Number of protein chains: 2
Amino acid sequence: MTLADQPPAAALVFQTLLQHGPLSRAEIGRRTGLTPGAVTKVATPLMVDGWITEVGRPTTERASGRPATLIAVRAERALFAGVKVTGEELIGVLADLTARPLAASRVRLDSRDVGTVVLAIARLVDELRAMAGLTQVDTLHGIGVTISGDVDSRLGTVQYSPFLDWRRVPLAQLVETAAGAPTVIENDVRALTVAEQWFGAGAGLSTFALVTVGAGIGAGLSIGGRVVSGAHGVAGEVGHLPVSCVDRICTCGNTGCVEAVASTHAITEQARQATGNARLTMEEAVRLAHAGDPEVRAVFAGAGRAVGLALACVANLIGPERIIISGEGVASYDLFADHIRQSFVDHAFGAAVDCDLVVRPLPFEEWARGGAAVAAQRVFAPAK
Amino acid sequence: MTLADQPPAAALVFQTLLQHGPLSRAEIGRRTGLTPGAVTKVATPLMVDGWITEVGRPTTERASGRPATLIAVRAERALFAGVKVTGEELIGVLADLTARPLAASRVRLDSRDVGTVVLAIARLVDELRAMAGLTQVDTLHGIGVTISGDVDSRLGTVQYSPFLDWRRVPLAQLVETAAGAPTVIENDVRALTVAEQWFGAGAGLSTFALVTVGAGIGAGLSIGGRVVSGAHGVAGEVGHLPVSCVDRICTCGNTGCVEAVASTHAITEQARQATGNARLTMEEAVRLAHAGDPEVRAVFAGAGRAVGLALACVANLIGPERIIISGEGVASYDLFADHIRQSFVDHAFGAAVDCDLVVRPLPFEEWARGGAAVAAQRVFAPAK
DNA sequence: GACCTTACCTTTCCTTTGGAAACTAAGACA
DNA sequence: TGTCTTAGTTTCCAAAGGAAAGGTAAGGTC
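What counts and how
- Residues numbered from 1 in each chain as written.
- Chains lettered and ligands numbered in written order.
- Predicted model: local features only at pLDDT ≥ 70, side-chain atom pairs only at ≥ 80, totals over all residues.
- Heavy atoms only, no water.
- Helix = DSSP H or I, 4+ residues; strand = E, 2+ residues; numbered from the N terminus.
- Rg over C-alpha atoms; globule rule 2.2 N^0.38 Å.
- Buried < 20%, exposed > 50% of the residue type's maximum accessible area, 1.4 Å probe, protein only.
- Contact = heavy atoms within 4.5 Å.
- Lys, Arg positive; Asp, Glu negative; His and termini not counted.
- Charge placed at Lys NZ, Arg CZ, Asp CG, Glu CD.
- Buried area = accessible area lost by both parts, 1.4 Å probe.
- Salt bridge = Lys/Arg side-chain N within 4 Å of Asp/Glu carboxyl O.
- Polar contact = N/O pair within 3.5 Å; in protein donor to acceptor, adjacent residues only side chain to side chain.
- Nonpolar A, V, L, I, M, F, W, Y, C, P; charged D, E, K, R; others polar.
- Phe/Tyr/Trp six-rings, centres within 6.5 Å; stacked < 30°, edge-to-face > 60°.
- Lys NZ or Arg CZ within 6 Å of the ring centre and 35° of its normal.
- Domains from an automatic or database assignment.
- Pairing = 2+ DSSP bridges.
- Axes fitted to C-alpha atoms, helices over the stretch in contact; angles between N-to-C directions.
- Least-squares fit on C-alpha atoms with pLDDT ≥ 70 in both.
- Near = heavy atom within 4 Å.

Draft legend 1. Seen up close, the overall build of chain A. Tallying secondary structure elements over chain A gives twelve helices and 16 strands in all. Here chain A has a C-alpha radius of gyration of 22 Å; the compact-globule value for 384 residues is 21 Å, and the two agree. Taken along its principal axes, the extent of the C-alpha atoms in chain A is 70 × 55 × 40 Å. When the 384 residues of chain A are sorted by exposure, 54% land in the buried category. Excluding contacts between residues fewer than 6 apart, the proportion of contacts in chain A whose partners are at least 24 apart in sequence is 59%. Measuring between centres, the 33 positive side-chain charges of chain A sit 6 Å from its 38 negative side-chain charges.

Next comes the structure, spelled out in structure tokens:
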């Protein structure tokens, strides 16, 4: 069922195809350092098992020599469900081996009770299955559940989730039993980072960071091809880097946190103070800023600067090749972007400014896609 | 000459012995996951080559069974020179396989000209050789040169050294030719981190950070057993994390840098302003603070807070098991320590506070020892 | 059209590596 | 002296991937 019973070179070949798309055997050999013979040897059983398939000739024909035959991953060979759990709702996708979504759905949560949520997850997975026209039980290869907070993916337990107020919940086991498919769980931002690492803007990079800006501000770090977890489950907490000199008190009790200035909530709050309108929403604040309101614009500018400082911290500390900035507030990016970049450039030290900043929208199902990526990873990158 | 021509398991066994000290073959098998047979097979050639040796019985005898025979690394099997280059002087040590210093020496530099420095390094290595009673050319297994700034250890070139004003100097090759022994170069803080990783407070930890506080403030990060280098040569630049709200301008041109508040130079400057004595030295500032001068104490307190914030950034971002704080100013640690810890605890997010803070003195030859460790690493951990 | 060249792919053979398991070794104890 | 227990060794074997020769499919050339 997985690639675990194949030789290591098989996983290498498969991963190379996942990341680079169709390649000839010879080219795979060159990229992986394997000999052509080894590639053939290892690719044959993968082909027999339906994991890969021949897809024809390269478009750019060479002048001489035997033409190459491209092989590619059969993405539909395995399907995965990804579910992101928040305090208010579940977001689910059904995706293939390359984490491409085939179906997506959202469900509101009435209760944060563990049993209720587990049941809702199982039902959502069933719904996704039905949407994609699956009936057999065994066609779903795995489920990946993601959730913000302290998640121990190895144990399969949610150690602590502030939004759900869960502690030490063996969620993987519970969902596996309720939904009837192998289940892995992971921190939401780390899962998103895994998705980017294999199938997104982080593909092929040895070190990159993914920063999400929205209700919270977090980051996933992929260093040397591995997403870091932190010894105590904490890593990538850019939201609480003490970089701002603004005196607003953060939810964590400190002042100076990025989140206290740049989270959706913080921006709304500040815009309310600036305008004197205590009912102002984020959408209205964005509209005001776009309309040119100087005070509201200043709020966004301050938020952008804080995010830029956070990015500079990441760049100075770990020196990633690229930082992917992602978030729900794509509509308002033009209000931040320049300030983010400027304050990043100002505070990145030396060659750290060469770090590539990429902005990437974060549609709602993207979060759930992270779960599918983590589940898929179990198949093609077994036993890390 | 190295372990590169031995099977991977040989390096594993050797590294286990390096980090844990003498162990029985059976115990090595348990720790590494190798079978007893594999351990024997792989240990025999190492023993024949003199890399390891039997050292007797464990002190804690077990009641039953055949007594174990301990084997241990023969540290004297290979000797290495480590040289740290600063703008003013060279610091050199001669060390064995475990980076234990056998001889140490310092030399002032009259010139920062590349040729002059290379020659001085070669002479220093010769002097160290003589001090340790070595005469034969081939008894020195390698030289490790460390230097602050942007060092590409794979290419063996100093990309940029601000203190020496060097750019793209192929230092490894130059020193190798001049001194007649295989030479590797590395960034000074990274080298120190390597030394701690194998032989110091980082041994056995999968993730830790080493922060050095002194003339500059820097950090080395070891994540998942690998010291991170940064995609553009920049990593661990805690000195320029923008965490302070003090308006002092840093050497990098920004305000808010940790270094602008907590470096030796910055502390001295601030103490001069506080006392009105423009000639005050660091030593006098320390004395004044110890004597209870409130304004000078406030300067140290501010520096401690800034360092604590930097540590919190490191903990929040990468979640190390331990942060090792090291620096020249050990004499003045009591002036910082509480403020460092307090501000770390205040700003570390969630479980990141569980990160272990360890203070470790940094004697002058420790820097050079890092070079020896890097050179030694080439022998026992080949081809990363 | 026969032959050459080129590069892709496959096959065969072989080395390296480390596990499995039987075997030997050494001390304690009955 | 035999037995028990754990340490260490040896033998055998299977897995994995490299080396190199051979087969294959195209274009080019005389």
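Draft legend 2. The interface of chain B and chain A, seen in detail. Taken together, the contact between chain B and chain A spans 39 residues of the former and 39 residues of the latter. Summing both sides of the interface, chain B and chain A together bury roughly 3200 Å²; the carbon and sulfur share of this comes to 68%. One can count zero salt bridges joining chain B with chain A. Counting every contact that joins chain B to chain A gives twelve residue pairs in polar contact (both at pLDDT 80 or more). Listed by contribution, the elements that provide at least two residues to the side of chain B that touches chain A are β13 (217-223), α10 (294-318) and α11 (333-347) of chain B. Of all the elements, α10 of chain B adds the most residues to the side of chain B that touches chain A, at seven residues. Each residue belonging to the side of chain B that touches chain A can be placed in one class, and the counts come to 23 nonpolar, eleven polar and five charged.

Draft legend 3. Region of interest: the packing of aromatic side chains. Going through the model one piece at a time under the given rule, you end up with ten aromatic pairs over all chains. Here the aromatic rings of tryptophan 198 of chain A and phenylalanine 380 of chain A are separated by 4.7 Å at their centres, their planes lie at 75 degrees, and the arrangement is edge-to-face. One end of the pair, tryptophan 198 of chain A, is in helix α6 (residues 188-199); the other, phenylalanine 380 of chain A, is in helix α12 (residues 364-380), with 182 residues separating them in the sequence. Comparing tryptophan 198 of chain A with phenylalanine 380 of chain A shows no difference in burial state: the two are buried. Geometry around tryptophan 367 of chain A places lysine 84 of chain A over its ring, the cationic atom sitting 4.0 Å from the centre. When the ring centre of tryptophan 51 of chain B is taken as reference, the NZ or CZ atom of arginine 77 of chain B above it lies at 4.1 Å.

Draft legend 4. Geometry of the domain arrangement of chain A. Residue and element names in this part refer to chain A. One can read the domain layout of chain A as domain 1 (8-73), domain 2 (77-194 + 367-380) and domain 3 (203-362). Distance between the C-alpha centres of domain 1 and domain 2: 32 Å. Facing eight residues of domain 1, the contacting portion of domain 2 comprises seven residues. It is Phe14, Leu18 and Trp51 in domain 1 that bury the most area against domain 2; as a group they hold 66% of the surface buried on that side. One can count zero salt bridges joining domain 1 with domain 2. Viewed at the interface, domain 2 and domain 1 are joined by two residue pairs in polar contact (both at pLDDT 80 or more). The biggest single contributor to the side of domain 1 that touches domain 2 is helix α1 (residues 8-20), with four residues. Each residue belonging to the side of domain 1 that touches domain 2 can be placed in one class, and the counts come to five nonpolar, two polar and one charged.

Draft legend 5. Broad picture of the sheet that holds strand β6 (residues 101-108) of chain B. Residues and elements named next belong to chain B. The sheet built from five strands is open, its strands ordered β6-β5-β4-β7-β11 with mixed pairing. The sheet terminates laterally at β6 and β11 (183-187), the two strands that pair on one side only. With direction set aside, neighbouring strand axes in the sheet form an average angle of 20 degrees. Where strand β5 (residues 89-95) lies against β6, seven bridges are found, and the strand directions are antiparallel. Following the sheet pairing, leucine 90 is matched in β6 by valine 107. Relative to β11, helix α6 (residues 188-199) is tilted by about 105 degrees, and along the sheet it contacts β4 (79-85), β7 (140-147) and β11.

Draft legend 6. Highlighting the relation of the copies chain B and chain A. Between chain B and chain A, which share one sequence, the superposing operator has a rotation angle of 180 degrees and an axial displacement of 0.0 Å; the RMSD is 0.1 Å. The superposition of one copy onto the other is thereby described by a two-fold rotation axis. Across chain B, the rotation axis passes nearest the C-alpha of valine 243 of chain B, at a separation of 2.2 Å. Taken together, the interface assignments show that 100% of the residues at the interface of chain B recur at the interface of chain A, consistent with an identical surface on both copies.

Draft legend 7. Representation of the sheet that holds strand β8 (residues 150-152) of chain A in the model. Residue and element names in this part refer to chain A. Spatially, the three strands line up as an open sheet ordered β8-β9-β10, and their pairing is antiparallel. Each edge of the sheet is formed by a strand with only one pairing partner; in this case those strands are β8 and β10 (166-169). Averaged over all neighbouring strand pairs, the angle between strand axes comes to 15 degrees, with direction disregarded. Examined bridge by bridge, strand β9 (residues 157-161) and β10 share three bridges and lie antiparallel to one another.

Draft legend 8. Summary view of the environment of alanine 266 of chain A. Residue and element names in this part refer to chain A. Along the chain, the position of alanine 266 falls in helix α8 (residues 264-275). Residue classification places alanine 266 among the buried residues on the basis of a relative accessible area of 2%. Residues alanine 266 and glycine 216 lie 50 residues apart in sequence; the distance between their C-alpha atoms is 9.7 Å. Apart from the residues lying within four places of it in its own chain, the contact partners of alanine 266 are Arg248, Glu259, Ala260 and Val261.

Draft legend 9. The arrangement of the protein's contact with DNA strand C in detail. The immediate surroundings of DNA strand C are formed by 26 residues, with Thr40, Gly65 and Thr69 of chain A together with Lys41 and Arg66 of chain B found nearest. Those atoms of DNA strand C that come within 4 Å of the protein belong to sugar or phosphate at a rate of 69%. Within the backbone of alanine 26 of chain A, one N or O atom sits 3.0 Å away from a phosphate oxygen of DNA strand C. The separation between a phosphate oxygen of DNA strand C and a polar side-chain atom of arginine 30 of chain A is 2.9 Å. Here the surface near DNA strand C is built from residues that sort into eleven nonpolar, eight polar and seven charged.

Draft legend 10. Up close: the pairing of strand β12 (residues 207-213) of chain B. Residue and element names in this part refer to chain B. The element β12 is extensively covered by neighbouring structure, given that seven of its seven residues are classed as buried. Alignment of β12 against β13, held across seven bridges, turns out to be antiparallel. Bridged to threonine 212 within β13 is glycine 218. Between β12 and β13, which pair antiparallel in sequence order, lie three residues. When β12 meets strand β15 (residues 322-327), the two strands line up parallel, connected through six bridges. Residue pairing across strands places phenylalanine 208 opposite arginine 322, the latter belonging to β15.

Draft legend 11. Molecular detail of the protein's contact with DNA strand D. For DNA strand D, the set of nearby residues contains 26 residues, the closest of which are Arg66 of chain A together with Thr40, Gly65, Arg66 and Thr69 of chain B. The protein-proximal atoms of DNA strand D, defined as those within 4 Å of the protein, are 68% sugar or phosphate. Contact between DNA strand D and alanine 9 of chain A: a phosphate oxygen at 3.2 Å from a main-chain N or O atom of the residue. Here glycine 65 of chain B contributes a backbone N or O atom positioned 3.3 Å from a base oxygen of DNA strand D.

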